Amino acid sequence: MKFLFWFLIGLIVLLPLISWDGFIFASTFTKTLFFQIAVEAALIIWFWQGGLRRFQKFLPPRSFLFWAFVAWFLIMLVSALFAYDPTMAWWSGYERMMGMIVWLHLFVFLVLLATVFQEQHQWETLFIATALSGTAVALIGIGEKFFGSDIYSNVGSTLFNSAFLGSFLTLIFFVVARQLTKKEWFDGKAAWWLAALLGIFFAILFTEARSALLGLLGGGLTIAALMAWKGIAKPIVSVSPRWMRRFAFLFIISVVALAGATFLLRNTLKDSSIILLSRIGSIFSGDRTGSGRLLAWKVGWQAFKERPLLGWGIENFSFAFNTHYDPRLYNVEPWFDRGHNLFVDWGVTTGIAGLLAYLVVVGAVFWIMVQKKEYIFAGLLAASITQNMFTFDILPTYVILFMMFAYIIANKYPTFNVGATLNVGLENVLAGLMGLIIVIPIFYFIIWQPLQENMIGKRAGEAFARGDDAIGHALVEEALRYHMYGDIEVRRLVAEYVFEFLKKGGKRNPEAMTALYDFGLKQMEENGAAQPGEAKWPAYGAALGNLAYAHTGNLLYAEHAAMAAQQSLALSPGRQQHWLELAQAFLVQKKEKEYAEAMDKAIALMPRYPIPHLNAAVGAIALGNQEREKQEIEWLRVTTWDIAESERDSWDNPTRDFEELVQAYYKAGRLSEAIVYQIRIVEARRQTEPKEKTIHSLIQLAALYKEAGHFQEARKTAEEIIAIDPAK
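Residues numbered from 1 in each chain as written. Predicted model: local features only at pLDDT ≥ 70, side-chain atom pairs only at ≥ 80, totals over all residues. Heavy atoms only, no water.

The next point concerns empty space enclosed by the protein. Going through the model one piece at a time under the given rule, you end up with five cavities of 30 Å³ or more. Reported here for the largest cavity is a volume of approximately 340 Å³. Forming the boundary of the largest cavity are 26 residues, of which Trp 103, Arg 338, Asp 345, Trp 346 and Tyr 398 lie nearest the centre. For the lining of the largest cavity, the elements supplying multiple residues, two or more each, are helix 16 (342-371), helix 17 (375-387) and helix 18 (395-412). (1 Å grid on protein atoms, 1.4 Å probe; cavity = no way out; pocket = protein on both sides within 12 Å on 5 of 7 lines; lining within 4 Å. Points joined across faces, edges and corners; volume = space filled by probe spheres on them. Helix = DSSP H or I, 4+ residues; strand = E, 2+ residues; numbered from the N terminus.)

Structure (structure tokens):
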């Protein structure tokens, strides 16, 4: 089993480090495919080295814990079979890659570890390798902070996402801490592990992930509480058990005091220019992200009540979220595919059965850790639970957790000998062939086909980015011929490319742009047909249709946008943005009654939110409905414009409103009203924004004066511009 032993260590070491930009979602997809390939290869070796007669000996100890895992996976399996969207439950998508297929690989990984690693020194080798790999990830993140292209941004290292990196490094922190605490005396190795621990800590700080910091505190408090309660038998890095117990009490008191001080100073910290302190202060002050999570949890509760026993199915949270969408989430995040809370996630996706099974597994593992005095690993589990009250696990964090679970399973009962040498007899050959028969079709359909589709889809995106639309179209069609779960993501790539292209001010000739719109709309229609329960695809179609009309003036696009918006609203009626897209489509078709009804429904969903009122005012100007125009502008004036800045909500932005009204009045040929609001823009920018923006607004004002025939005012405005910046 020696080869398999090192093979599995290599898997765990390399997994967090690898990524390839040739894939869509370069980190997630690469890591998942690598994990699946490695597990399947290890399974073949496992069969080959075990032999048919010794197959039973390879099974893990038949402990309560192991069968608790089996029950948990069976519940997940049944939940996936009866999921709202079974395809999503089994396959997931490129962005997350955590469908039932990957969970089955994780379960096989658990069995492999629990049966191959039979001696304590083998486990210690695995933990050291894991600690070194995680430290390398942290060092890459630190290098990114100091030598990257944007040293002011938070770091993502090899995970390409700061929140994911924070979650991963939080668990690695405790793996490294375990290596440090195994040293009774402070020597060179202890100094190395201490340096690694500090490096990981600073890398976590650079992610600015609050959930990771809370995880560190939760894990640290758990370890301190266990040490204070039960004590330890040996010194830790030259600190006696008595002093370690004292330090544990001191740590608990310090954390409680720190939490109290943070709460009392939350407003001061929130306004700090140091981003990390500002984010820490916002934990207690209800920032936009935090309030959004609370709303998402409420949505999750409503979804749970609809399907309480087995849930909506793993990877089906987005469907539950769409159905019970809360309009107050509009200004937070449009699409949630996770509940950002382990109770919400497991409860919604696997129901009460899956949630209880998960809690039994976690509780049993924690209890065994305490009994075995594995306090650091108990802290790791507590850290995972703590941070997952606000975020969620990804494959690299699950691999660490399952490594720890396998360690507990394998060590719960006495070890047993499965044979260390390779015997290439007939039985072993037959077992290896059986493994190949199982794995080869799995590899072809689960790995090779999706890999090819993803790579071709990525090349298609790159072709569109270069402006090679014909090549991009052909590559998309080639990728879709594989008919894999990635079809959804490949088609999605086209629509999101168009959105990003226009957002950056991209230009194409009219014929090419029309062809791109048509191709994107076709892809969203096909996504809607393939995933009829997902509101995102008709919503994308509605947005594309309205954009296509704005660029071409072809009313067929507006009609398509209206139809697509109605489809998305049938799936997610609480989404204000979808009502606004519908209203926009009716507006350009001059369907005044339908426009007014859609706009009124958008406003009714969240009456205090200014955007629908602003859109209603703009629409009224375009339609010549002066009564509605006056009503909406008065609402904006009283509710947003004329109140003190300290009393405004985060979404209130008078300057934005004035800019939209200037454009609306200008398009309607009402230059006098456009000038009034352009003057207000200039006044607002003089007070709060850099002079460059003020000059830009004055230039626009001068142009409006000139076009309206107010030449004297235009001249005075031009003189003011020169006085601010003679170079103009």
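Further notes follow.
In this model, the largest pocket occupies a volume close to 1800 Å³. Along the walls of the largest pocket sit 40 residues, with Leu 547, Gln 577, Glu 581, Gln 584 and Asn 615 positioned nearest its centre. For the lining of the largest pocket, the elements supplying multiple residues, two or more each, are helix 21 (487-503), helix 23 (536-552), helix 25 (576-588), helix 26 (592-605), helix 27 (610-623) and helix 29 (654-667). Top element by residues in the lining of the largest pocket is helix 25. It accounts for nine residues. Here the lining of the largest pocket is built from residues that sort into 24 nonpolar, eight polar and eight charged. (Nonpolar A, V, L, I, M, F, W, Y, C, P; charged D, E, K, R; others polar.)

What follows covers the packing of aromatic side chains. Each aromatic ring pair is described using two quantities: the centre-to-centre distance and the angle formed by the ring planes. Evaluated as defined, the whole model comprises 57 aromatic pairs. For the pair Trp 20 and Phe 23, a centre-to-centre distance of 5.0 Å together with 90° between the ring planes defines the contact as edge-to-face. For Phe 23, a relative accessible area of 7% translates into the label buried. Ring plane angle 20° and centroid distance 5.7 Å describe the contact between Trp 301 and Phe 304, whose orientation is recorded as stacked. Taken together, the residues span about one helical turn, with Trp 301 and Phe 304 both in helix 14 (residues 288-306) at a distance of three residues. Trp 301 gets classed as partly exposed once you look at its relative accessible area, which sits at 47%. Taking relative accessible area as the criterion, Phe 304 reaches 17% and is therefore assigned buried. An aromatic cluster of three or more residues is present, and its members are Phe 66, Trp 67, Phe 69, Trp 72, Phe 73, Trp 103, Phe 107, Trp 346, Tyr 358, Tyr 398, Phe 402 and Phe 405. Directly above the aromatic system of Trp 243 lies the positively charged group of Arg 246, at a separation of 4.6 Å from the ring centroid. Sitting over the ring of Trp 312, Arg 307 keeps its end group 5.5 Å from the ring centre. (Phe/Tyr/Trp six-rings, centres within 6.5 Å; stacked < 30°, edge-to-face > 60°. Buried < 20%, exposed > 50% of the residue type's maximum accessible area, 1.4 Å probe, protein only. Lys NZ or Arg CZ within 6 Å of the ring centre and 35° of its normal.)

So, about the packing of helix 31 (residues 691-708) against helix 32 (residues 711-724). Taken N-terminus to C-terminus, the directions of helix 31 and helix 32 make an angle of 160°; their axes are 8 Å apart at the nearest point. Classified by the angle their axes make, helix 31 and helix 32 are roughly antiparallel. Pair helix 31 / helix 32 crosses with left-handed handedness. The residues of helix 32 that touch helix 31, namely those facing Lys 691, Ile 695, Leu 698, Ile 699, Leu 701, Ala 702, Tyr 705 and Lys 706, are Phe 711, Glu 713, Ala 714, Thr 717, Glu 720, Ile 721 and Ile 724. (Axes fitted to C-alpha atoms, helices over the stretch in contact; angles between N-to-C directions. Parallel < 35°, antiparallel > 145°, perpendicular 65-115°, else oblique. Left-handed = near helix turned anticlockwise from the far one by under 90°. Contact = heavy atoms within 4.5 Å.)

Here helix 26 is 14 residues long and its end C-alpha atoms lie 20 Å apart, about the 20 Å a rise of 1.5 Å per residue gives. Every buried residue of helix 26 is listed here: Tyr 595, Ala 598, Met 599, Ala 602 and Ile 603. Each buried residue of helix 26 lies within a common arc of 135° when the element is viewed along its axis, so the set occupies one face. Along helix 26, exposed side chains directed more than 90 degrees from the buried face belong to Lys 593 and Ala 604. Its buried side turned inward, helix 26 meets helix 25, helix 27 and helix 28 (626-641). (Expected span 1.5 Å × (residues − 1). Arc of directions from axis to C-beta.)

On to the environment of Phe 47. Of note, Phe 47 is situated in helix 2 (residues 26-50). Distance from Phe 47 to Leu 65, taken between C-alpha atoms, is 24 Å for residues 18 residues apart in sequence.

Moving on, we get to helix 31. Between its first and last C-alpha, helix 31 extends 25 Å over 18 residues, near the 26 Å set by a 1.5 Å rise per residue. Within helix 31 the residues assigned to the buried category are Thr 694, Ile 695, Ser 697, Leu 698, Leu 701, Ala 702, Leu 704 and Tyr 705. Buried residues along helix 31 sit against helix 29, helix 30 (671-688) and helix 32. Once helix 31 ends, the next one or two residues include Gly 709, with phi positive near 85°.

The next point concerns the nonpolar core. Ranked by internal contacts, the top residues of the largest apolar core, which has 121 residues, are Phe 69, Trp 72, Trp 103, Leu 113 and Phe 402. Ignoring sequence-local partners within four residues, the contact set of Phe 402 consists of Trp 72, Phe 73, Trp 103, Leu 106, Phe 109, Leu 110 and Leu 113. (Core = buried A, V, L, I, M, F, W, Y, C linked by side-chain atoms within 4.5 Å.)

Tallied over the full model, the rule gives 29 salt bridges. Between Glu 315 and Arg 338 there is a salt bridge, and its shortest N-O distance comes to 2.6 Å. With Glu 315 in the loop between helix 14 and helix 15 (317-323) and Arg 338 in the loop between helix 15 and helix 16, this residue pair connects regions lying 23 residues apart in the sequence. By relative accessible area, Arg 338 is classed as buried at 10%. One salt-bridge network, held together by shared partners, links Glu 95, Glu 489, Arg 492 and Glu 496. (Salt bridge = Lys/Arg side-chain N within 4 Å of Asp/Glu carboxyl O.)

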